[in-house]
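# Descriptive analysis of the structure
Listed below, chain by chain, are the residues.
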2 protein chains.
Amino acid sequence: MRVGVIGGGQLARMMVPPAVALGIDIRVLAESADSSARIAATAVGDYRDAATVLDFATGIDVVTFDHEHVPQDVLARLEASGVAVRPGRDPLEAAQDKIRMRERLAALGVPIPDWAAVRSESDLAEFLAAHRGVAIVKTPRGGYDGKGVRVVRSAGDAADWLAEGDVLAEELVDFRRELAQLIARRPSGETAAWPLVETIQREGVCAEVLAPAPDAGDAAVEARAIAEAIAEGLGVTGVLAVELFQATDGRLLVNELAMRPHNSGHWTIEGAVTSQFEQHLRAVLDLPLGDPTPLAPVSVMVNVLGGPVAATMPDRYPEAFAAHPDVKFHSYGKASRPGRKVGHVTATGADLAEVRARARAAAGFFEA
Amino acid sequence: MRVGVIGGGQLARMMVPPAVALGIDIRVLAESADSSARIAATAVGDYRDAATVLDFATGIDVVTFDHEHVPQDVLARLEASGVAVRPGRDPLEAAQDKIRMRERLAALGVPIPDWAAVRSESDLAEFLAAHRGVAIVKTPRGGYDGKGVRVVRSAGDAADWLAEGDVLAEELVDFRRELAQLIARRPSGETAAWPLVETIQREGVCAEVLAPAPDAGDAAVEARAIAEAIAEGLGVTGVLAVELFQATDGRLLVNELAMRPHNSGHWTIEGAVTSQFEQHLRAVLDLPLGDPTPLAPVSVMVNVLGGPVAATMPDRYPEAFAAHPDVKFHSYGKASRPGRKVGHVTATGADLAEVRARARAAAGFFEA
């Protein structure tokens, strides 16, 4: 069994351990020789170039992804070449283009914020007028970790983006917290969902994940139904992450989708019987899915971001390991740059406050 | 941090996942291009050749091992070159030569079977006469998985081996069961021990491991003290496996030593907070050791041996995964040959009988 991953970031890197365990041959098309997934990189090249991607896919059973950025025309040529592409070109479109995503979720009847595809400042003025003078505007493509997202209060605030093409306008949701529902689906239709988690963002970047989401109540059942409907409705294969707002009025609204392992699921490496990375491999290979049951009452994941100091995580291991022998440390082997995700830590246990304090303290050793 | 592993078998392979997680650069000197650890292999060559090994060690912080077979003169040259070798040449001698091992354990006062270094048939006849006419004879070097071990009842039974050199004669211990105590030690002296386990052999090869050993009682404390004494006394760094007999009269006697991760510790990958493979990396890098606490009341590991059919483990994953979504499967990426260890499965849970039945059933999918 040979899986090819396009993109050499930390998500591809974290697919390596389960591939090694299961005896699955994993190959990576990386952007650079020093990519995070370099141990499995068999090619370095541009994922936007069809010839490069087709060459990489030679002899591979299933192609999957570390990111959503492979262009539709490259995906079409890959599918036409006969290799299995999972998730496929069609579902991936909804993860690549936020306007298409809203159109398709609306068609599925999934709860989403009010939205409009906006072509002009007058369109945007109209949307603002209908939404108390404020909106979230997103570029349809290329946004991540808070990039390509802006709060606007006047139609002119998005003039630069509108000059480049259509944008998505969304209702500014008054939310209590953000949640994420991860689910895996294989081509034959089987799905497996991990518990709903709470995600805490700082400056648009995921900072912490609490698993399961505290006091989830009915939201857990509702989120799972939403994720099932999306996975099924869009024909997703592999891991699907559904980022959700829990509005102050209690509604769950879908914010974003990712069709790959996701930061909100890193806790599953130690916190669940089957991690999102193993499950993604099983799902794209159309193998029976593993048990997503949590292994501990509470898991907390805290991201490690690069700081102004160029120290790598391993430089701080002597102190961090001594203080926290039971915390699991992950370093992505990336050069440290301010704000860049360079690793994470996961703590597990019985009491949320204790586990969270422990995870934060462990991650604190890597702050500049 | 760069660790070099000499030997490309499944033990080196299973060091890869924790190295990837921790951001430790792992490099392997493998015997062949299709070695089990090929994903991390940066060199293919003969570990008995000093030039090959010294070349491999260039730019590496710590050299460690997948097996005990690197010759003493190569180890001496490696140490002289300034690279950290862990475990070092001196402790490794006791894992390489069973007569040296008995001499050194005897000097440490550790409980061992009666033994003698035997140079001739008359020596052996004398040993047999003193031990009810039966003895275990072992070649000092090169034995594993039941090879190089023989039950003898007459001095002539070991004539072929004696023609080649000295052999070790040991009392045939009347034992109730076999146990194994794993411990890790770092150069600064810190140690961490996993619980005592029971190992079940079939035809001289490890078949199953029950963790912790059922009804261990005082043996758990005693075994740990023995392992501590050996690790400290021999100056072992990394993981040390102490294979023990529990005699019918209750005595614990040291059977064999291995100074590396060991088959009796594979259960720790899913069954303990820190696996033996992560711990070995921490220990040889002189980093603070991780918590060896078990994650479940019971873990059972069952080895998968190659059969007459050339099917690989992944060929059987569709059925095995469907039947056992909560069992963890490990395939070593090796060609199947009768009796060869090609993988293992681990099940965890609360009830020994249930967990053992589940692990056996899961492993059963890979029997020819």
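Here the structure is a predicted model, which is why all the values come from computation and not from measurement. (Residues numbered from 1 in each chain as written. Chains lettered and ligands numbered in written order. Predicted model: local features only at pLDDT ≥ 70, side-chain atom pairs only at ≥ 80, totals over all residues. Heavy atoms only, no water.)

All names here are of chain A. The UniProt record marks K98, K138, E170, E171, L172, V173, E178, N255 and E256 with the feature "binding site: ATP" (unreviewed entry), using the residue numbering of this structure. Along the chain, E256 falls in strand β15 (residues 252–258). Look at E256 and you get buried, because its relative accessible area is 14%. Here K98 takes part through its side chain, which lies 3.1 Å from a polar atom of the side chain of E256. (UniProt positions renumbered as here; feature names shortened; annotations may be inferred. Helix = DSSP H or I, 4+ residues; strand = E, 2+ residues; numbered from the N terminus. Buried < 20%, exposed > 50% of the residue type's maximum accessible area, 1.4 Å probe, protein only. Polar contact = N/O pair within 3.5 Å; in protein donor to acceptor, adjacent residues only side chain to side chain.)

Attention now moves to helix α3 (residues 72–80) of chain A. Residue and element names in this part refer to chain A. Within the span of α3, buried status applies to Q72, V74, L75 and L78. Seen along its axis, α3 keeps its buried residues to an arc of 160°; they face one direction. Exposed and facing more than 90 degrees away from the buried side of α3 are D73 and A80. Residues of α3 that are buried make contact with β1 (2–6), α2 (50–56), β4 (62–65), β5 (84–85) and α4 (89–96). G82 occupies a position one or two residues after α3 and carries a positive phi of about 100°. (Arc of directions from axis to C-beta. Contact = heavy atoms within 4.5 Å.)

Right, let's talk about the side chain of B:D291 for a bit. With respect to the helices and strands, the residue B:D291 is situated in the loop between α10 (276–284) and β16 (298–305). Buried within the structure, B:D291 lacks any salt-bridge partner; its nearest side chain of opposite charge belongs to A:R358, at an N-O separation of 7.6 Å. Engagement of the side chain of B:D291 in a polar contact is seen with the side chain of B:T293, the distance being 2.5 Å. Residues within four places of B:D291 in sequence aside, it is in contact with A:P325, A:D326, B:V273 and B:T274. (Lys, Arg positive; Asp, Glu negative; His and termini not counted. Salt bridge = Lys/Arg side-chain N within 4 Å of Asp/Glu carboxyl O.)

All names here are of chain A. Put simply, R86 and P87 share a cis peptide bond, and its omega is -5°. Following A211, the chain continues into P212 via a peptide bond in cis, with omega recorded as -5°. With respect to the helices, strands and loops of the structure, P212 is situated in the loop between β13 (205–211) and α8 (218–234).

This part takes up the interface of chain B and chain A. Contacts between chain B and chain A engage 33 residues on the former and 33 residues on the latter. Interface area for chain B against chain A, summed over the two sides, is near 2,800 Å², with a carbon-plus-sulfur share of 64%. Counting the surface chain B buries against chain A, the share from its top three residues, B:V20, B:I39 and B:F321, is 21%. At the surface where chain B touches chain A, the tally comes to two salt bridges. A salt bridge links A:E278 to B:K328; the shortest N-O distance between them is 2.9 Å. Between chain B and chain A we count twelve residue pairs in polar contact (both at pLDDT 80 or more) in total. Looking at the side of chain B that touches chain A, the elements that each hand over two or more residues are α1 (10–22), α10, α11 (317–323) and β17 (328–331) of chain B. If you tally residues by element for the side of chain B that touches chain A, the top one is α1(B), at seven residues. Each residue belonging to the side of chain B that touches chain A can be placed in one class, and the counts come to 22 nonpolar, five polar and six charged. (Buried area = accessible area lost by both parts, 1.4 Å probe. Nonpolar A, V, L, I, M, F, W, Y, C, P; charged D, E, K, R; others polar.)

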